[in-house]
Amino acid sequence: MSGRTISDKVIDEHTLDDDRSAQYRRVRVDAVLGHDATTALLIDDFERRGLSIWDKSKVLLTNDHFAPPATAERADISNKFLGWARGQGMPNLMLDKGICHQLLVEHELCQPGGLIVGADSHTIMAGAVGACATGMGATDILFTLATGETWMRKPASIAVRLRGELPEESGGRDVVLELLRLLGEAGAQYRSLEFHDETTTRLPQDDRFAIANMAVEIGAKFGVFAPDEVTEAYCTARDGRFLGNPVRPDADAVYERVVELDVTDLTARVAKPWSPGNVVPITELEEIPITSAFLGSCASGRLADIAAAAAEVEGKRVHPDVRFVVIPASVEVFKQALRAGYVETLTEAGAQFNHSSCGACGGIDKGVLGSADVCVSSSNRNFRGRMGHWDSRTYLASPRTVARAALRGALTPDLYRAGAALPGGTEEAS
Amino acid sequence: MTAPTTGRVWRFGDDVNTDVIHPPAFYSLDPDKVRRGLFHGYDPAIARDVRPGDVFVAGRNFGCGSSRETSIRAIKLNQVGAVVAVDFARIFFRNATNNGLPCLTPARPADLDLVEAGSRVTLDPVAATLTCADGTVVDLVPPGEFVRRIWAAGGLLNLLPGSAGG
Ligand code: SF4
């Protein structure tokens, strides 16, 4: 018998059917994630059918899209969601605590080796700690809430081997944008992307979250990191002790394809409108004046991201033509950023903080773009019209690039070149 | 629910994402608002001119992006009969199937070039054929057993234990 990948093993371990050769497996799940916007869509059916939740302790719910709501209609939707969740007596209902995907990875429901489904495509991000996690629609999630089960095909796996030493100016976002450039928007469709971190210094956990998050932009069903000492350290610090059941691939695991990526010379990457797959090295970009800079979203609103931006803007001023909005991915991240002084540094530089939520990422809340706006964003999607007006333009980049562009007032090919002049007469250190 | 559908063809390209299919500004629990949002930024005429039974024909990776089922609801509320694409994004395909919107792929992708925008076609989801006005038949990939089971039940929720179809 040939060796198994991580997703092969995790699905086998969760299979309920005896017939393991069936195209679709009936599987049990370890956790379910839901937020206000998608969960609200299933409440009427749930109540009409008189259903009950199979195991409330395994469900994590939060309001993050409308948090707090900006219109009366959204307040009503939010209240419907919160009223239902409270009525069900959900133990893990998190009110205004941040973006659901970040709250999941901050919670002990999210473990290596777990099988997790959520009513949002970026549920895949939990793969950064070695879980097989995937997004589904409201109807699938309603079924799972009632039964604890779902159906899944065993996906083929693509191994991504990351090697070399990541330059200081680059991060997980640049890695995943480079993978998008190599594989395209459908490059991992229906596949499990299995990440093997063989870099010399090992990618920090926050970089792994950024990579796993955007695996869905490559079309993947799972984006799972082979668990290692970084995973164990993260989970142990979070849970007080290590509770996971790390699943690693067999040495002779069968992959449909192996992608080797040496990150040693990886420079900043930018995805141009209107596709996350439209990626170029920043040095090949023409100069793009911007009106808006956004640091946030489930893709990149974590402490390391805010720290990188704070380091860039320390003692400098955001360009007067730019609105720089920062949204920490969770209240916990916000508190850590406060304690570390990053919030003050960024605020002094002219950035503004919004409450932990999706914000302008999905064109939902404060910071939405008008027709003439050009935004550089650390979010995960620059689809046409997603952040606001149909004619607005969004460039996806790393938090560091977002901060540099906010200072410069533009995305420029020389944003990382030593000594490039910045407004206010300051010189870049690197 | 999976009876043949007859209507006009609307053509789309590759990588049509859910934010284009249904812009976030039209997210709502109000069916009329959801219905009006279909392809709003891309071409507001679509929601105005689409007729019951019409068929969407697209390229690769149709429906990539968000898991919001409002994109499926918008297509269904406009009574589009089926979607044919070279292939579908995973979550979109599941959502559509769960809600009884047939999504089919051509047996030979190049055949979709024969299907002209605005032409009248008849699509039979069970027989897996798309018949053009001039009688040309495009073979589609027959739906798998699991998809047919959900169609036969009238949607995934009818497979819940204790439901009529379960
Ligand atoms: S931050 Fe953006 S991508 Fe993440 S869940 Fe919210 S809307 Fe979706």
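- With an unreviewed UniProt entry as reference, chain B is termed 3-isopropylmalate dehydratase small subunit, source organism Actinokineospora bangkokensis.

- If you look chain A up in an unreviewed UniProt entry, it shows as 3-isopropylmalate dehydratase from Actinokineospora bangkokensis.

1. Section: the overall build of chain B
Link 1 in the chain: Per the secondary structure count, chain B includes six helices and seven strands.
Link 2 in the chain: Listing the helices and strands of chain B from first to last along the sequence gives β-α-α-α-β-α-β-α-β-β-β-β-α.
Link 3 in the chain: Its C-alpha atoms give chain B a radius of gyration of 15 Å, near enough to 15 Å, the size a compact globule of 166 residues would have.
Link 4 in the chain: Sequence separation of 24 or more characterises 63% of the internal contacts of chain B that already satisfy a separation of 6 or more.
Link 5 in the chain: Placing the 17 positive and 17 negative side-chain charges of chain B at their respective mean positions leaves the two points 7 Å apart.

2. Focus on the domain arrangement of chain A
All names here are of chain A.
Link 1 in the chain: With domains assigned, chain A is organised as domain 1 (6-261) and domain 2 (271-425).
Link 2 in the chain: If you average the C-alpha positions of domain 1 and of domain 2, the two centres end up 25 Å apart.
Link 3 in the chain: Counting each side, the surface lost to burial between domain 1 and domain 2 is near 2,700 Å², with a carbon and sulfur contribution of 56%.
Link 4 in the chain: Here domain 1 and domain 2 share one salt bridge between them.
Link 5 in the chain: For the salt bridge of Glu217 with Arg381, the shortest nitrogen-to-oxygen distance reads 2.6 Å.
Link 6 in the chain: Linking domain 1 to domain 2 there are 17 residue pairs in polar contact (both at pLDDT 80 or more).
Link 7 in the chain: The element that contributes the greatest number of residues to the side of domain 1 that touches domain 2 is helix α7 (residues 172-183), accounting for five residues.
Link 8 in the chain: For the side of domain 1 that touches domain 2, a count of residues per class yields 13 nonpolar, seven polar and 13 charged.

3. Focus: the sheet that holds strand β1 (residues 5-11) of chain B
All names here are of chain B.
Link 1 in the chain: Taken together, seven strands build an open sheet; the order of strands is β4-β3-β2-β1-β5-β6-β7 and the sheet is mixed. Whereas interior strands pair on both sides, the edge strands pair on one side only; in this sheet they are β4 (103-104) and β7 (137-139).
Link 2 in the chain: Note: strand β6 (residues 129-132) against β7, three bridges, orientation antiparallel. Note on β7: the bridge partner recorded for Thr129 is Asp139.

4. A short note on the confidence of the model for chain A
Link 1 in the chain: With 97% of its residues at a pLDDT of 70 or more, chain A has an overall mean of 95.
Link 2 in the chain: Long-range and interchain partners of residues 424-430 of chain A, a stretch whose pLDDT sits below 50, account for 15 contacts in this model, where long-range means more than four residues apart.

5. Quick look at the side chain of A:Gln205
All names here are of chain A.
Link 1 in the chain: Here Gln205 shows up in helix α8 (residues 205-213).
Link 2 in the chain: What makes Gln205 buried here is its relative accessible area of 8%.
Link 3 in the chain: Looking at Gln205, its side chain comes within polar contact range of the main-chain oxygen of Ala128, at 3.1 Å.
Link 4 in the chain: Once residues within four sequence positions are removed from consideration, Gln205 is found in contact with Ala128, Val129, Val230, Thr231 and Tyr234.

6. Digging into the site of the ligand
All names here are of chain A.
Link 1 in the chain: The immediate surroundings of the ligand are formed by His65, Ile99, His101, Asp120, His122, Ser297, Cys298, Cys358, Cys361, Asn380 and Arg386.
Link 2 in the chain: Each residue belonging to the shell around the ligand can be placed in one class, and the counts come to four nonpolar, five polar and two charged.
Link 3 in the chain: Viewed by domain, the shell around the ligand spans two of them, domain 1 (6-261) and domain 2 (271-425), each represented by three or more residues.

7. Things to note about the pattern of salt bridges
Residue and element names in this part refer to chain A.
Link 1 in the chain: Scanning the model with the defined rule gives 39 salt bridges over all chains in all.
Link 2 in the chain: Glu229 is the partner of Arg202 in a salt bridge, and the nearest nitrogen-oxygen pair spans 3.0 Å. Placement of the pair is Arg202 in the loop between β9 (192-199) and α8 and Glu229 in helix α9 (residues 229-239), with a sequence separation of 27 residues.
Link 3 in the chain: Given the relative accessible area of 47%, Glu229 is considered partly exposed.
Link 4 in the chain: Across the salt bridge formed by Arg238 and Asp239, the nearest N and O atoms sit 2.8 Å from each other.
Link 5 in the chain: The structure contains a network of salt bridges with shared partners spanning Asp197, Arg202, Arg208, Asp228 and Glu229.

8. Thoughts on the packing of helix α4 (residues 70-77) of chain B against helix α5 (residues 90-98) of chain B
Between two packed helices, the angle of one axis relative to the other and the distance separating the axes together describe the packing.
All names here are of chain B.
Link 1 in the chain: Contact pair α4 / α5: the axes reach a minimum separation of 9 Å and the direction vectors enclose 50°. In terms of their interaxial angle, α4 and α5 are classed as oblique. Handedness of the α4/α5 crossing: right-handed. Every residue of α5 that contacts α4 at Ser71, Ile72 and Ile75 is listed here: Phe92, Asn95 and Ala96.
Link 2 in the chain: For the contact of α4 with α5, the per-class residue count stands at four nonpolar, two polar and no charged.

9. Examining unusual backbone geometry
Residues and elements named next belong to chain A.
Link 1 in the chain: Cis peptide bonds are those with omega within 30 degrees of zero, and the linkage from Ala67 to Pro68 qualifies with -10°.
Link 2 in the chain: Following the sequence through the fold, Pro68 ends up in the loop between β3 (59-62) and α4 (72-87).
Link 3 in the chain: Here the bond from Pro273 into Trp274 is cis, since omega is -5°, no more than 30 degrees from zero.
Link 4 in the chain: Note that Trp274 resides in the loop between β12 (269-271) and β13 (279-281).
Link 5 in the chain: Backbone geometry places Arg202, a non-glycine residue, at a positive phi of 65°.

10. Notes on the packing of aromatic side chains
Link 1 in the chain: One pass over the full model with this rule turns up 18 aromatic pairs over all chains.
Link 2 in the chain: A ring pair is formed by B:Phe88 and B:Phe92, whose centres lie 6.3 Å apart and whose planes are at 0°; its orientation type is stacked.
Link 3 in the chain: Ring geometry for B:Phe88 against B:Phe93: centres 6.0 Å apart, planes inclined by 45°, an arrangement best described as tilted. Like B:Phe93, B:Phe88 is buried.
Link 4 in the chain: Members of the aromatic cluster, connected to one another through ring pairs, are B:Phe12, B:Phe39, B:Tyr42, B:Phe56, B:Phe62, B:Phe88, B:Phe92 and B:Phe93.
Link 5 in the chain: Positioned above the aromatic ring of A:Trp274 is the side chain of A:Arg393, whose terminal nitrogen or guanidinium carbon lies 5.2 Å from the ring centre.

11. Overview of the nonpolar core
Soluble globular proteins: nonpolar side chains tend toward being buried together.
Link 1 in the chain: Ranked by size, the top nonpolar core spans 50 residues in total, and within it A:Leu42, A:Trp84, A:Ile141 and A:Met152 carry the most contacts.
Link 2 in the chain: Look past the residues within four positions of A:Met152 in its chain and what remains in contact with it is A:Ile11, A:Gln23, A:Tyr24, A:Arg25, A:Val27, A:Leu115, A:Val117, A:Thr134, A:Met136, A:Lys221, A:Phe222 and B:Arg94.
Link 3 in the chain: One finds B:Val9, B:Trp10, B:Val121 and B:Leu140 within the second-largest nonpolar core, a separate group that totals 44 residues.

12. Brief notes about the sheet that holds strand β8 (residues 157-164) of chain A
All names here are of chain A.
Link 1 in the chain: With parallel pairing, four strands are arranged side by side in an open sheet as β10-β9-β8-β11. The open sheet has two edge strands with one neighbour each: β10 (222-225) and β11 (257-262). Each neighbouring strand pair of the sheet contributes to a mean axis angle of 20°, computed without reference to strand direction.
Link 2 in the chain: Along the sheet, helix α1 (residues 6-14) makes contact with β8, β9 and β10, crossing β10 at roughly 105°.
Link 3 in the chain: Each of β8, β9 and β11 is contacted by α7, which is oriented at about 135° to β11, the strand it contacts most.

Conventions we followed
- Residues numbered from 1 in each chain as written.
- Chains lettered and ligands numbered in written order.
- Predicted model: local features only at pLDDT ≥ 70, side-chain atom pairs only at ≥ 80, totals over all residues.
- Heavy atoms only, no water.
- Helix = DSSP H or I, 4+ residues; strand = E, 2+ residues; numbered from the N terminus.
- Rg over C-alpha atoms; globule rule 2.2 N^0.38 Å.
- Contact = heavy atoms within 4.5 Å.
- Lys, Arg positive; Asp, Glu negative; His and termini not counted.
- Charge placed at Lys NZ, Arg CZ, Asp CG, Glu CD.
- Domains from an automatic or database assignment.
- Buried area = accessible area lost by both parts, 1.4 Å probe.
- Salt bridge = Lys/Arg side-chain N within 4 Å of Asp/Glu carboxyl O.
- Polar contact = N/O pair within 3.5 Å; in protein donor to acceptor, adjacent residues only side chain to side chain.
- Nonpolar A, V, L, I, M, F, W, Y, C, P; charged D, E, K, R; others polar.
- Pairing = 2+ DSSP bridges.
- pLDDT = per-residue confidence, 0-100.
- Buried < 20%, exposed > 50% of the residue type's maximum accessible area, 1.4 Å probe, protein only.
- Near = heavy atom within 4 Å.
- Axes fitted to C-alpha atoms, helices over the stretch in contact; angles between N-to-C directions.
- Parallel < 35°, antiparallel > 145°, perpendicular 65-115°, else oblique.
- Left-handed = near helix turned anticlockwise from the far one by under 90°.
- Phe/Tyr/Trp six-rings, centres within 6.5 Å; stacked < 30°, edge-to-face > 60°.
- Lys NZ or Arg CZ within 6 Å of the ring centre and 35° of its normal.
- Core = buried A, V, L, I, M, F, W, Y, C linked by side-chain atoms within 4.5 Å.

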